[in-house]
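Commentary on secondary and tertiary structure
Here's the letter readout for the chains.
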Amino acid sequence: MINDISNDEMEKRIVRYGELKPCKTAFIDAHTPGSDQKENFTIIGGGVSESPDQHVHISIPHGFNIGAAGQPPKCRNSLHSHRTAEVFFVLSGRWRFFWGRWGDAGEVILEQGDIINIPTGIFRGFENVGTDYGMIMAILGGDDAGGGVIWAPQVIEDAKNHGLILSDKGKLYDTKKGEQLPQNSKPMPLLSENELNQYPEPETSKIIKNHVARYLDLKSLAYKKPTKVIGESGKLKDKPGFEVDFLTESSNLEKILSSKPIVYMPLKGNWKVNWNDKNVIINAGDTLTFPENTEHNIVSSMSGESALYKIIATDDPAGPTWEL
């Protein structure tokens, strides 16, 4: 059955960059100096926020989650791990991604448009090393994003010293506000040394080769047609339960009809999405989830440089990264 969705209905499926609602208490390190200025955004799906204050823009299940992190210079996200994919592309700013038990096993710097598919099962963190407020957009595998965040032990201990306690059910409680763990909850247990030894610390060269794609490389690959960034045949070969494609103003696009929703995330420029006799414009930083069973096309709507990431679920289960 082909849908005939109205412009008003389509607008409800767009999260405009200027209308994003941040949460500053999303995670356990929200009070820890150096991490206490970050903002978390949950755009599509429930995300992995540990706070009841987190606003969810679109709750429609997609098989993956879309979110974002905004941070001023020198602000970092503490070391953590995920059981499903965590993919970031840089919307603005300059970012350092680092990994390992103590965050010193390796690092890579990403600029605007670069994308990283961080392997599951390793501790990772990131910080804004630019000169202005920066934003990175995130794709998390699975509708439940792997069941939440796994924190390095020192992050939980540091948070406790600043008033935040994480329950074994993944919920935050702020003792500075007089909050206490419910009687049926216990503090989140720290990983044992034996468990910590199961988290690998890959070399930087391996991460860059298998898990990072640079904007300029993708722009060249997408000169005539969209290029697959993440997927079984992608530049970054993986099957995380979704595929990521990259488009530019020069990519030749045909009509698209999908049995699954497609998420469009412009990186640069303005893009027009056309269906039936209707259209909407999406701009850099916006997120559009285009409904299934609706034939459409998408084109750059202005002269000049444009780029966009396209995400769609696959039938593969969300789980561990193919290759570390």
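Structure first, text after, so check above.
Summarised in this report is the structure supplied together with it. The shown structure was predicted, so the numbers you read here are calculated from the model rather than taken from an experiment. For every chain, the first residue of the written sequence is number 1, and numbering continues from 1 along that sequence. Predicted model: local features are reported for residues with pLDDT of at least 70 only, side-chain atom pairs are reported and counted for 80 or more only, and whole-chain, interface and lining totals are derived from all residues. Heavy atoms from the whole structure form the basis of all side-chain values; hydrogens and water molecules are not counted.

**Some details on the overall build of the chain**
Each helix and strand counted, the chain has five helices and 24 strands in total. Radius of gyration here is computed from C-alpha atoms only, and the compact-globule reference equals 2.2 Å multiplied by the residue count raised to the power 0.38. By the compact-globule yardstick of 20 Å for 324 residues, the chain fits well, its C-alpha radius of gyration being 20 Å. Oriented by its inertia axes, the alpha-carbon framework of the chain measures out at about 55 × 40 × 40 Å. To sort residues, take the accessible area from a 1.4 Å probe on protein chains only and compare it with the maximum for the residue type: under 20% means buried, over 50% means exposed, and anything in between is partly exposed. By the burial criterion, 54% of the 324 residues in the chain qualify as buried. For this analysis, residues touch if any pair of their heavy atoms sits within 4.5 Å. Residue pairs in contact within the chain that sit at least 24 positions apart in sequence constitute 73% of those at least 6 positions apart. Accessible surface, the chain: about 14,500 Å² in total, of which carbon and sulfur atoms supply 48%. Per the convention used, a helix needs a DSSP run of H or I reaching at least four residues, while a strand needs a run of E reaching at least two, with both numbered from the N terminus. Accessible surface area values rest on a Shrake-Rupley calculation with a 1.4 Å probe, where residue burial reflects the displayed protein chains alone.

**Quick notes on the nonpolar core**
Only buried residues count toward a nonpolar core. Its members are Ala, Val, Leu, Ile, Met, Phe, Trp, Tyr and Cys residues joined through side-chain atoms within 4.5 Å. Counting 34 residues, the largest nonpolar core has Ile66, Ile115, Val229, Val244, Phe246, Tyr309 and Ile311 as the members making the most contacts within it. For this core, the leading source of residues is strand 24 (residues 307-313), giving four residues.

**Here we look at the packing of aromatic side chains**
Stacked, tilted and edge-to-face are the three classes applied to pairs of Phe, Tyr and Trp rings, where Trp contributes its six-membered ring and a pair requires centres within 6.5 Å; stacked means planes under 30 degrees apart, edge-to-face means over 60, and tilted covers the rest. Applying the stated criterion across every chain yields a total of 11 aromatic pairs. The interplanar angle of 85 degrees and the centroid separation of 5.9 Å between the aromatic rings of Tyr215 and Phe246 together place this pair among those described as edge-to-face. Of the two residues, Tyr215 sits in helix 5 (residues 215-221) while Phe246 sits in strand 18 (residues 242-248), which places them 31 residues apart along the sequence. With relative accessibility at 5%, the residue Tyr215 sits in the buried group. Here, a charge over a ring is recorded when the distance from Lys NZ or Arg CZ to the ring centre is within 6 Å and its angle to the ring normal is within 35 degrees. Sitting over the ring of Trp102, Arg101 keeps its end group 4.0 Å from the ring centre.

**Overview of the side chain of Ser167**
With respect to the helices and strands, the residue Ser167 is situated in the loop between strand 13 (164-166) and strand 14 (172-174). Given the relative accessible area of 0%, Ser167 is considered buried. If we skip the residues at most four places from it in the chain, Ser167 touches Tyr173, Leu181, Ser185, Lys186, Pro187 and Met188.

**Here's the deal with the pairing of strand 9 (residues 115-118)**
Of the two faces of strand 9, the one lined by Ile115 and Asn117 and the one lined by Ile116 and Ile118 are each fully buried. Paired strands, in this sense, are two strands between which DSSP finds at least two bridges. Bridging between strand 6 (residues 86-92) and strand 9 involves four bridges; their strand directions are antiparallel. In the sheet register, Val87 faces strand 9, and the bridge partner there is Asn117. Pairing between strand 9 and strand 15 (residues 212-213): two bridges, direction antiparallel. Bridging from a neighbouring strand, Ile115 pairs with Ala213 of strand 15.

**Some points on helix 2 (residues 153-161)**
Taken together, the buried positions of helix 2 are Pro153, Gln154, Val155, Ile156 and Ala159. Looking one or two places after helix 2, you find Gly163, whose phi comes out positive at around 95 degrees.

**Some details on the sheet that holds strand 20 (residues 270-275)**
Sheet strands pair via backbone hydrogen bonds, and the direction of the pair is either parallel or antiparallel. An order of 21-20-23 is seen for the three strands of this open sheet, with the pairing classed as antiparallel. On the outer flanks of this sheet lie strand 21 (278-283) and strand 23 (297-300), each paired with one strand and no other. Across the sheet, the mean angle from the axis of one strand to that of its neighbour is 25 degrees, orientation sign disregarded. Here strand 20 pairs with strand 21 via six bridges, running antiparallel. Counted as the bridge partner of Asn270 is Asn283 from strand 21. Orientation is described by lines fitted to C-alpha atoms, with helices fitted over the stretch in contact, and by angles between N-to-C directions that extend from 0 to 180 degrees.

**Here's the deal with the environment of Val149**
The residue Val149 is located in the loop between strand 11 (134-141) and strand 12 (150-151) in this model. In the structure, Val149 is positioned 101 residues away from Val48 in sequence and 6.6 Å away in space, judged by C-alpha atoms. With near-sequence residues (within four places) excluded, Val149 lies in contact with Phe27, Val48, Glu50, His80, Ser81 and His82.

**Things to note about empty space enclosed by the protein**
Space inside and on the surface of the protein is sampled on a 1 Å grid over the protein atoms alone, with a cavity defined as a set of points where a 1.4 Å probe fits but cannot get out and a pocket as an open set with protein on both sides within 12 Å along at least 5 of 7 lines; lining residues have an atom within 4 Å of a point. Grid points are joined across faces, edges and corners, and a volume is the space filled by probe spheres set on the points. Counting across every chain of the model gives three cavities of 30 Å³ or more. Within this model, the largest cavity holds a volume of roughly 270 Å³. Elements with a contribution of two residues or more to the lining of the largest cavity: strand 2 (39-44), strand 4 (64-71), strand 5 (76-81), strand 6 and strand 11. In terms of residue count, the dominant contributor to the lining of the largest cavity is strand 4 (five residues).

**Here we look at the layout of surface pockets**
To find leftover empty space, one rolls a probe the size of a water molecule over the atoms. In this structure, the largest pocket occupies an estimated 360 Å³ of space. Around the largest pocket, the lining comprises 20 residues; the ones closest to its centre are Gly147, Gly148, Val149, Gly170 and Met188. In the scheme used here, Gly and all other residues not listed as nonpolar or charged are polar, with Ala, Val, Leu, Ile, Met, Phe, Trp, Tyr, Cys and Pro taken as nonpolar and Asp, Glu, Lys and Arg as charged. Across the lining of the largest pocket, the residue classes break down as 10 nonpolar, five polar and five charged.

In short, the description is geometric, and any link to function would need to be established separately.
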